[in-house]
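Commentary on secondary and tertiary structure
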Amino acid sequence: MLAALLPVPIMAAADYLSVDAAQKSIFPQADAFQEILLPQTREQLQALSARAGPQPPHGVIRVWSATRSGVPLGHVFVDEVIGRQSLITYALGIDVNGALLGLEIMAYRESHGGEIRNPAWRAQFAHRDALEQLRFRADIKNISGATLSSEHVTQGVRWLLALWQSALRPANGPG
């Protein structure tokens, strides 16, 4: 009976995009997506952590190469980071030169902070190609009421860019 008097958290969970839809949104010109497995050693993960900076807990990270007629266009990453209590699933594209393309929020499971789906907030990531350009509150603005979501997705994007730089950058690629 006492449990009936306690507040019940309201969950506004919503799935917005499938993996296929996110891939096509980020690389509409691609005609093929091939999943890539990136096993990481403990040493590689430590080096990646040192480059990317503090991270929220992540879920599963999946990676696909995007091609058109066999020509590489870049990579699509699907990652999950914790918001306040639940995972936020998002997709990020990185082109062959290391520039960030679209950031898509695929699933949002929190009761607050869904404003990170706003196209203007997500557009802040476009065309950035260096970890030094992805500092929360300095380069990527906070959203009032969605601070943890904004910060954790930004930190996750830093992780994915650092992963691309260390494991997927073409041998003759930039920097």
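These lines cover the structure that appears in this document, whether it is placed above or below. Computed from a predicted model, the values in this text were never measured in an experiment.

What to know about the overall build of the protein
From N to C terminus, the protein includes four helices and six strands. In terms of overall size, the protein behaves like a compact globule, its C-alpha atoms giving a radius of gyration of 17 Å where 175 residues would be expected to give roughly 16 Å. Considering only C-alpha atoms, the protein reaches an extent of 65 × 35 × 30 Å along its principal axes. Within the protein, buried positions represent 43% of all 175 residues. Within the protein, contacts between residues at least 6 apart in sequence are counted, and of these 61% link residues at least 24 apart. Working note: accessible area of the protein is about 9,300 Å², and carbon and sulfur atoms make up 56% of it. Across the protein, the 15 positively charged side chains and the 15 negatively charged ones have centroids separated by 4 Å.

Re unusual backbone geometry
Its identity is not glycine, yet Ser69 carries a phi of approximately 50°, on the positive side. Its location among the elements puts Ser69 in the loop between strand 3 (62-68) and strand 4 (71-82). We classify Ser69 as exposed; its relative accessible area is 62%. Positive phi, close to 70°, is recorded for His127, a residue that is not glycine.

Examining the environment of Trp121
Its location among the elements puts Trp121 in helix 3 (residues 119-123). Between the C-alpha atom of Trp121 and that of Asp31, which follows or precedes it by 90 residues, the distance is 28 Å. Reaching out from Trp121, the side chain makes a polar contact with the backbone oxygen of Lys141 at a distance of 2.7 Å.

What to know about the packing of helix 2 (residues 42-52) against helix 4 (residues 147-168)
Put simply, helix 2 and helix 4 touch, their axes get as near as 9 Å, and they point 125° apart. One finds that helix 2 runs oblique with respect to helix 4. For the pair helix 2 and helix 4, the crossing hand works out as right-handed. For the pair helix 2 and helix 4, contact is made by Leu45, Leu48, Ser49, Arg51 and Ala52 and by Arg158, Trp159, Ala162, Leu163, Gln165 and Ser166, respectively.

Structural notes on the side chain of Asp95
With respect to the helices, strands and loops of the structure, Asp95 is situated in strand 5 (residues 87-95). One buried charge, Asp95, has no salt-bridge partner; the nearest side chain with opposite charge is Arg169, at 10 Å. One polar contact links the side chain of Asp95 to the main-chain amide nitrogen of Asn97, over a distance of 2.9 Å. Those residues in contact with Asp95 that sit more than four places away from it in its chain are Phe27, Leu73, Gly74, Leu101 and Trp164.

A closer look at the nonpolar core
Ile116 and Val157 are the most contacted members of the largest nonpolar core, which has 30 residues in total. Within the residue set of this core, elements represented by two or more residues are helix 2, strand 4, strand 5, strand 6 (100-108) and helix 4. When residues of this core are assigned to their parent elements, the largest contribution, nine residues, is made by helix 4. What Val157 contacts, discounting residues up to four positions off in sequence, is Tyr90, Leu92, Leu100, Leu103, Phe125 and Leu134. In this structure, Ala22, Phe27, Trp64 and Ala91 belong to the second largest nonpolar core, which totals eleven residues.

Quick notes on the packing of aromatic side chains
For the structure shown, the criterion picks out one aromatic pair. Taken together, a centroid distance of 5.2 Å and an interplanar angle of 75° make the contact between Trp121 and Phe125 edge-to-face. Both residues of the pair, Trp121 and Phe125, count as buried. Above the ring of Tyr16, the side-chain terminus of Arg117 is found at 3.4 Å from the ring centroid.

Conventions and cut-offs
- Residues numbered from 1 in each chain as written.
- Predicted model: local features only at pLDDT ≥ 70, side-chain atom pairs only at ≥ 80, totals over all residues.
- Heavy atoms only, no water.
- Helix = DSSP H or I, 4+ residues; strand = E, 2+ residues; numbered from the N terminus.
- Rg over C-alpha atoms; globule rule 2.2 N^0.38 Å.
- Buried < 20%, exposed > 50% of the residue type's maximum accessible area, 1.4 Å probe, protein only.
- Contact = heavy atoms within 4.5 Å.
- Areas by Shrake-Rupley, 256 points an atom, 1.4 Å probe, with all protein chains shown as cover.
- Lys, Arg positive; Asp, Glu negative; His and termini not counted.
- Charge placed at Lys NZ, Arg CZ, Asp CG, Glu CD.
- Polar contact = N/O pair within 3.5 Å; in protein donor to acceptor, adjacent residues only side chain to side chain.
- Axes fitted to C-alpha atoms, helices over the stretch in contact; angles between N-to-C directions.
- Parallel < 35°, antiparallel > 145°, perpendicular 65-115°, else oblique.
- Left-handed = near helix turned anticlockwise from the far one by under 90°.
- Salt bridge = Lys/Arg side-chain N within 4 Å of Asp/Glu carboxyl O.
- Core = buried A, V, L, I, M, F, W, Y, C linked by side-chain atoms within 4.5 Å.
- Phe/Tyr/Trp six-rings, centres within 6.5 Å; stacked < 30°, edge-to-face > 60°.
- Lys NZ or Arg CZ within 6 Å of the ring centre and 35° of its normal.

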